[in-house]
2 protein chains.
Amino acid sequence: MENNSIKKGRGRPSKFDPAASLETAMRLFWAHGYEGTSMADLTAAMGINKPSLYATFGSKESLFEKALEKYVSGPIAFVAAALNEPTAYRVVEKLLLESAEFLTAANSPHSCMVNMGALSCSKESEQIKNMLISRRQAFETALTARMQQAHDEGELEAGTNPATLAKYVATVHQGMSIQATSGASQESLLEVARTVLAHWPGKRAN
Amino acid sequence: MENNSIKKGRGRPSKFDPAASLETAMRLFWAHGYEGTSMADLTAAMGINKPSLYATFGSKESLFEKALEKYVSGPIAFVAAALNEPTAYRVVEKLLLESAEFLTAANSPHSCMVNMGALSCSKESEQIKNMLISRRQAFETALTARMQQAHDEGELEAGTNPATLAKYVATVHQGMSIQATSGASQESLLEVARTVLAHWPGKRAN
DNA sequence: TTATTTATTTACCAATCGGTAAATAAATAA
DNA sequence: TTATTTATTTACCGATTGGTAAATAAATAA
C-alpha cells in the first residue's frame, strides 16, 4: 500500500501513514520507555506535527497503549505462542531461547517494552506502570496454568510446584531483559537459557 | 549527634542535616529511579529549599551518585558480603535468600536502586544508566571470579562454566527485582531462590 | 558596634513537558 | 465557482524540568 487512501475521503488527504507512525512510536517506547520518550521525540521521528499525532492517537497514554498492543501481537507474539508447545520443557525452551535471540537481535532495541517500559517512574505514570505489571502477571498466570497442566499430565518431578516453577521461569525471563539492556551478548543469554533447561525438573521432550 | 555543628563554624549555621537529607534522597531515588524523582520532590521531602540542596550536593547527578554510594554500602552491603561465604553454594544462598527478604521488606521500597534506577530512560540520562550498568557488571565480574575459585577448588560439577553460572545467578537476581516491584510476595521470591538452589550444580555445603 | 562569613529565603532563568486554539491548505460536493 | 470537509502548519498554553542570582538572616571575629 502506498498511503492510507481508503475510500478517497472527503477533506484534505493525510500526509502520513498512521500505521508507520505507530511502528515508529513502538520502537521509540521500546527503546526508551514511557517517560524516556517525549511527544517531541515522537513527532520528530515521525516527521509530523503534534496536532496530527494527537488527532490520530488521542494522548501520550493511549499512543503508548496502542504501541504496546502492536508490540505484544508483533515482535513478541512468540511469547504467547510458546504456551502452545506440546510439553512444559518445550514451552520454556521456546520462551527462553527465542527471548535470548529476540533481546539481542540486530536492528532492534536490546530491551523488552513490557518488562522495562515503566519500571521505576514518577507518580504521574503509575497508571502505565500498573498496566505493564498487569501484562506481566497475566503472562505468569497463563504460564502457571500451563505448568499445572504439565504437572497433571505427569511431566514434572514429584514435589514440583507449578506456580513456583512458572514464577522462576518468569523471573529468569525478566532478568534476561535487564541483561540485554546492559549489553549482554546473545550467546551468553542463550547459555543462561540452557542452564535453566539443563536443570529442568521433569521430562525433557515429547 | 544533634546537628552538623563541627567546629561551630563561622557563618550562619545549617538548619538541616546533610546526612539525613542524603538518606531521604536515597529512599526517593530507590523508590522512583533517577528520572522519576525530581529536584522538587527531593527538596519537598527534605524540607529545604533548592539552593541549599545544590550548595550541599552540587547537581542532581552528583546527588544520585552519593545516594547510590550510600545505598551500596548500606542497605545492600550484604550483596558484596555474600561473596565471602565459604562455598559457592553458600554465596548464592546468601545472595538470593537475603535479596528475596530485602526486596520485600516492610518500610522499604520493593525495588533495587542499582537494577532499576535508570533502566529505560531518555538520552539525557544515559550517563546515569551507564553508571548503573557498570555497577551491575562489576558485581557479575566479582561473582564470576568467585565461581571460578569454587570451580578450581572442585566444588562445581564437571562441565560447569563459572561465567555462565555467575550470569545465570545475576540474571535471576535481577529478575527478582522486577518481580518485587511488580508486587511479588516474599515467600514467592524465597521459593524462586530455593528453586535455583535445589538444582545447584555442585556441592551443597561445606 | 561593625565587618565578615555562611546559609537561608525569595524570586527568577531558559528549556522542556504534555496538550491545544486558530489559521491555513488541499481535497470533494454542490 | 463556491461551500464544505478534513488535515495541515504555526503559534501558543500553563506546568514542570534542572539550576541560579540576589537579597536577607544568623552566626563569629574584630
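Residues numbered from 1 in each chain as written. Chains lettered and ligands numbered in written order. Predicted model: local features only at pLDDT ≥ 70, side-chain atom pairs only at ≥ 80, totals over all residues. Heavy atoms only, no water.

Inspection of the secondary structure puts T104 of chain B in the loop between helix 6 (88-103) and helix 7 (113-116). In this view, T104 of chain B contacts H110, A184, S185, Q186 and L189 of chain B; residues no more than four positions away in its chain are not counted. (Helix = DSSP H or I, 4+ residues; strand = E, 2+ residues; numbered from the N terminus. Contact = heavy atoms within 4.5 Å.)

Taken as a whole and judged by the stated rule, the model has 16 aromatic pairs over all chains. Their ring planes at 80° and their centres at 5.2 Å tell us that Y34 of chain B and F64 of chain B sit as a pair that is edge-to-face. Placement of Y34 of chain B in the loop between helix 1 (18-32) and helix 2 (39-46) and of F64 of chain B in helix 4 (residues 60-73) is noted, with a sequence separation of 30 residues between them. When sorted by exposure, Y34 of chain B lands in the same class as F64 of chain B, which is buried. Among the aromatic residues, ring-to-ring pairing joins W30, Y71, F78 and F102 of chain A into one connected group. Over the aromatic face of Y34 of chain A sits the side chain of K60 of chain A, whose NZ or CZ is 4.5 Å from the ring centroid. (Phe/Tyr/Trp six-rings, centres within 6.5 Å; stacked < 30°, edge-to-face > 60°. Buried < 20%, exposed > 50% of the residue type's maximum accessible area, 1.4 Å probe, protein only. Lys NZ or Arg CZ within 6 Å of the ring centre and 35° of its normal.)

So, about unusual backbone geometry. In this structure, N107 of chain A takes a positive phi of about 65° despite not being glycine. Residue classification places N107 of chain A among the exposed residues on the basis of a relative accessible area of 71%.

This next bit is on the relation of the copies chain B and chain A. Both copies of the chain are related by one operation, a rotation about an axis with a shift along it. Superposition of chain B onto chain A requires a rotation of 180° combined with a translation of 0.0 Å along the rotation axis, giving an RMSD of 0.0 Å. The relationship between the two copies is best expressed as a two-fold rotation axis. Closest approach to the rotation axis among the C-alpha atoms of chain B is made by G175 of chain B, whose C-alpha sits 1.8 Å away. (Least-squares fit on C-alpha atoms with pLDDT ≥ 70 in both.)

Turning to helix 8 (residues 126-152) of chain B, a few remarks are in order. Taking 1.5 Å as the rise per residue, helix 8 of chain B with 27 residues should run 39 Å; its terminal C-alpha atoms sit 38 Å apart, in good agreement. Of all the positions in helix 8 of chain B, only I128, K129, M131, L132, I133, R136, F139, E140, L143, R146, M147 and A150 of chain B are classed as buried. Next to the buried residues of helix 8 of chain B lie helix 9 (162-181) of chain A together with helix 4, helix 5 (77-82), helix 6, helix 7 and helix 9 (162-181) of chain B. (Expected span 1.5 Å × (residues − 1).)

For the rest of this paragraph, the subject is the protein's contact with DNA strand D. Taken together, 24 residues surround DNA strand D, and among them R12, K15 and N49 of chain A together with K50 and K60 of chain B come closest. Put simply, 70% of the atoms of DNA strand D that lie within 4 Å of the protein are in sugar or phosphate. Those elements giving two or more residues to the surface near DNA strand D turn out to be helix 3 (50-57) of chain A together with helix 2 and helix 3 (50-57) of chain B. No other element matches helix 3 of chain B, which puts three residues into the surface near DNA strand D. (Near = heavy atom within 4 Å.)

Residue and element names in this part refer to chain A. When cut into domains, chain A gives domain 1 (18-72) and domain 2 (84-198). Computed over C-alpha atoms only, the centres of domain 1 and domain 2 are separated by 25 Å. Counting residues at the interface gives 16 residues for domain 1, matched by 17 residues for domain 2. Of the roughly 1,600 Å² buried at the junction of domain 1 and domain 2 (both faces included), carbon and sulfur atoms supply 64%. Summed over the shared surface of domain 1 and domain 2, the result is one salt bridge. Residue E69 pairs with R135 through a salt bridge whose shortest N-O separation is 2.8 Å. The tally of links between domain 1 and domain 2 comes to seven residue pairs in polar contact (both at pLDDT 80 or more). (Domains from an automatic or database assignment. Buried area = accessible area lost by both parts, 1.4 Å probe. Salt bridge = Lys/Arg side-chain N within 4 Å of Asp/Glu carboxyl O. Polar contact = N/O pair within 3.5 Å; in protein donor to acceptor, adjacent residues only side chain to side chain.)

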